[in-house]
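Summary of the model geometry
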Amino acid sequence: MTATTGADTAARGALGNGASGGDGQWVVPLSDLRVDSEIERAAAEVVRSGWWSMGPRVAEFEREFGALCGSKHAFAVANGTAAIHLALLAIGCGPGDEVLVPSLNFVAAANTITHTGATPVFCDVVGPDDLTVDPADIEAAIGPRTRAILVMHYGGHSCRMDEIGVLAERHGLALIEDAAHAPGGKFRGRSCGAMGDIGCFSFFSNKNLPVGEGGAVVTDDDALAEKVRLFRSHGMTTLTWDRHRGHASSYDVVLQGFNYRLDELRAAIGLVELGRLEERNRARGNIVGRYREALHGVRGITMPFAPREDVLSSHHLAVIVLPVDRPREEFQAAMKSHGIQTSVHYPPIHTFSAYRDQAQRSLPATDALAPRLVTLPLYPHMTDASVSAVTDAVLASL
Ligand SMILES: Cc1ncc(COP(=O)(O)O)c(C=O)c1O
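Attention in this report is confined to the structure presented alongside it.

Rules used throughout
Residues numbered from 1 in each chain as written. Predicted model: local features only at pLDDT ≥ 70, side-chain atom pairs only at ≥ 80, totals over all residues. Heavy atoms only, no water. Pairing = 2+ DSSP bridges. Helix = DSSP H or I, 4+ residues; strand = E, 2+ residues; numbered from the N terminus. Axes fitted to C-alpha atoms, helices over the stretch in contact; angles between N-to-C directions. Near = heavy atom within 4 Å. Polar contact = N/O pair within 3.5 Å; in protein donor to acceptor, adjacent residues only side chain to side chain. Areas by Shrake-Rupley, 256 points an atom, 1.4 Å probe, with all protein chains shown as cover. 1 Å grid on protein atoms, 1.4 Å probe; cavity = no way out; pocket = protein on both sides within 12 Å on 5 of 7 lines; lining within 4 Å. Sits in = over half its atoms within 2 Å of the grid points. Nonpolar A, V, L, I, M, F, W, Y, C, P; charged D, E, K, R; others polar. Expected span 1.5 Å × (residues − 1). Buried < 20%, exposed > 50% of the residue type's maximum accessible area, 1.4 Å probe, protein only. Arc of directions from axis to C-beta. Contact = heavy atoms within 4.5 Å. Points joined across faces, edges and corners; volume = space filled by probe spheres on them. Salt bridge = Lys/Arg side-chain N within 4 Å of Asp/Glu carboxyl O. Phe/Tyr/Trp six-rings, centres within 6.5 Å; stacked < 30°, edge-to-face > 60°. Right-handed = clockwise from strand over helix to strand, strands pointing away.

So, on to the sheet that holds strand S6 (residues 146–152). An order of S1-S11-S10-S7-S6-S2-S3 is seen for the 7 strands of this open sheet, with the pairing classed as mixed. Where the open sheet ends on each side, the last strands, each with one partner, are strand S1 (73–77) and strand S3 (119–123). Averaged over neighbouring strand pairs, the angle between their axes works out to 20° when direction is ignored. Here strand S10 (residues 198–202) runs beside strand S11 (residues 215–219); their pairing, made up of 4 bridges, is antiparallel. Bridge assignment links Gly199 to a residue of S11, and that residue is Val218.

In structure tokens form, the structure reads like this:
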């Protein structure tokens, strides 16, 4: 290891030496990237290779990521939002269609649905112990225009995919998984992202498999795979890399696609990160376990997603539910005064200006829970001192 980012000052023994927050110098940041010589070497090799856009390292990353998920096809793409957009385009989603999606979610899902011309229909979550979408509410929201269900494995914990899969099949709906939080996550032995028709991942810097900006689409379906391949690169039938190698000399354009390609630099970093994913997910799980031990059930705090035999979480997020009588802004301000960065996953999409005016369904669990959710720092190399700094600050901030 040659370096780490400088954000985690508790890890360097500076706890108590003037917690600040707000200027980028947190005692414990929300997430932290570890940079080492293997990452630097992988990036330098690409730089020296003289081929920086999509090429052999992307292909290798796709093979390895597909193997991780147990999927026949894997496509590396520019980011997780592009992955969702491609999945929606591949299933043929368009004007007049409705797509069922949890409101307690990142806005990428709703925006991409809207960009296809379809309408997002927001669904509720199960409750304080399980922040994934409620299968019963999905069933209630299915109507004549429903085209697809777009679930999200919140925080790396699988949704109730057995029940949701049955609903999708019974009603002839496409099932898309937003597994942005869940590379390496499983439900009853099946990989998150590979349980429905098509799965989407994000490799943004704060994700479990960080490359900067990046994502992936996985599927077992040959027809969907062909659509994703074409939409990813302008609907062109050959790639620049094929032409560079002399494997093709020309191309046709068979649909109106996008440039959603990943480049070699990010794929090279992704290959290194892939080799570390399982160990790092486990390290995240241990830290969440320590949080749970110190905080669950203490002074009205709870933590969703109690460990389950049939769920292997990727532990992307450490989320607590505040007591009803503790205003979140005050709590977060108190945490900041201790130098602890916190976040909120998520302000529900149906409360944003861009979506507020659309006809809404009632989402009682989301509306009750969302104002009480706080995300605590979590990254695989968090030290015991950092974890204790966070739990001490939580208790002091109540
Ligand atoms: C649940 C979820 N879906 C989709 C995305 C979009 O991924 P990206 O930022 O790589 O476009 C994110 C990223 O934050 C996310 O958390």
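From this point, the narrative continues.
Around the ligand there are 14 residues in total, and Gly80, Thr81, Asp178, Ser202 and Lys207 lie nearest to it. At 3.0 Å from an oxygen atom of the ligand is found a side-chain nitrogen or oxygen belonging to His181. Protein burial of the ligand: of its 390 Å² of free accessible surface, 91% is covered by the chains. More than half of the atoms of the ligand fall within 2 Å of the grid points belonging to the largest pocket. A total of 3 residues in the shell around the ligand trace back to one element, the largest contributor, which is helix H3 (residues 80–90). When its residues are assigned to classes, the shell around the ligand shows 6 nonpolar, 6 polar and 2 charged.

Compared with an ideal rise of 1.5 Å per residue, which puts 13 residues at 18 Å, helix H1 (residues 37–49) spans 18 Å between its outermost C-alpha atoms and is within 8% of the ideal. Looking only at H1, the buried set comprises Ile39, Ala42, Ala43 and Val46. Each buried residue of H1 lies within a common arc of 90° when the element is viewed along its axis, so the set occupies one face. Lining the buried residues of H1 we find helix H2 (56–69) and helix H9 (264–295). Its side-chain oxygen 3.2 Å from the backbone nitrogen of Glu38, Asp36 forms the N-cap of H1. At the C-terminal side of H1, Gly50 shows a positive phi close to 85°.

What follows deals with the side chain of Ser397. By the secondary structure assignment, Ser397 is in helix H13 (residues 384–397). A distance of 2.6 Å separates the side chain of Ser397 from the backbone oxygen of Ala393, its partner in a polar contact. With residues near it in sequence (within four places) discarded, Ser397 still touches Arg326, Phe331, Ala334, Met335 and His338.

Under the defined criterion, the tally for this structure stands at 2 cavities of 30 Å³ or more. There is about 110 Å³ of room inside the largest cavity. In terms of residue class, the lining of the largest cavity is made up of 4 nonpolar, 5 polar and 6 charged. Here the second largest cavity is characterised by a volume of approximately 70 Å³. If you trace the second largest cavity, you find it lined by Tyr154, Gly155, His157, Val288, Arg292, Met303, Pro304, Phe305, His315, Leu317, Ala318 and Val319. Elements with a minimum of two residues in the lining of the second largest cavity: H9 and strand S13 (318–321). Within the lining of the second largest cavity, the residues separate by chemical class into 8 nonpolar, 3 polar and 1 charged.

Moving on: the pattern of salt bridges. If charged atoms from side chains of opposite charge come close, those side chains can pair. Enumeration according to the criterion identifies 21 salt bridges in this entry. One salt bridge connects Glu273 with Arg280, and the closest N-O pair in it is separated by 3.0 Å. Judged by its relative accessible area of 14%, Arg280 is buried.

With that out of the way, let us pick up the packing of aromatic side chains. Counting across every chain of the model gives 10 aromatic pairs. In textbook terms, an aromatic cluster arises when at least three aromatic residues are bridged by ring pairs, as seen for Phe61, Phe65, Phe201 and Phe203.

A few words now on the sheet that holds strand S9 (residues 190–191). One open sheet holds the 3 strands; their spatial order is S9-S8-S12, and the pairing between them is antiparallel. Pairing within the sheet leaves two strands with one partner each, and these edge strands are S9 and strand S12 (311–312). Relative to S12, strand S8 (residues 186–187) runs antiparallel, the two sharing 2 bridges. Looking at S12, one finds that Lys186 is bridged to Leu312.

Taken as a whole, the largest pocket spans an internal volume of roughly 480 Å³. If you go around the largest pocket, you meet 29 residues; those closest to its centre are Phe106, Phe204, Asn206, Lys207 and Tyr346. Listing elements by their share of the lining of the largest pocket, those giving two or more residues are H3, S10 and strand S14 (373–376). Residues of the lining of the largest pocket, tallied by class, amount to 14 nonpolar, 11 polar and 4 charged. As for the second largest pocket, its lining consists of 25 residues, and the residues nearest its centre are Glu62, Phe75, Arg229, Arg232 and Leu239. Of the residues contributing to the lining of the second largest pocket, the split by class is 10 nonpolar, 7 polar and 8 charged.

Another point: the pairing of S3. Counting buried residues in S3 gives 4 out of 5 residues, a clear majority hidden from the surface. Two elements, strand S2 (residues 98–102) and S3, share 5 bridges in a ladder whose sense is parallel. Following the sheet pairing, Glu98 is matched in S3 by Thr119. As for the winding sense of the linkage, the β-α-β connection from S2 through helix H4 (residues 108–115) to S3 is right-handed.

Looking at the secondary structure, you find Thr375 in strand S14. Here His345 takes part through its side chain, which lies 2.8 Å from a polar atom of the side chain of Thr375. Residue contacts for Thr375: discarding those within four places in its chain leaves Leu30, Leu317, Ala318, Val319, Thr342, Ser343, Val344 and His345.

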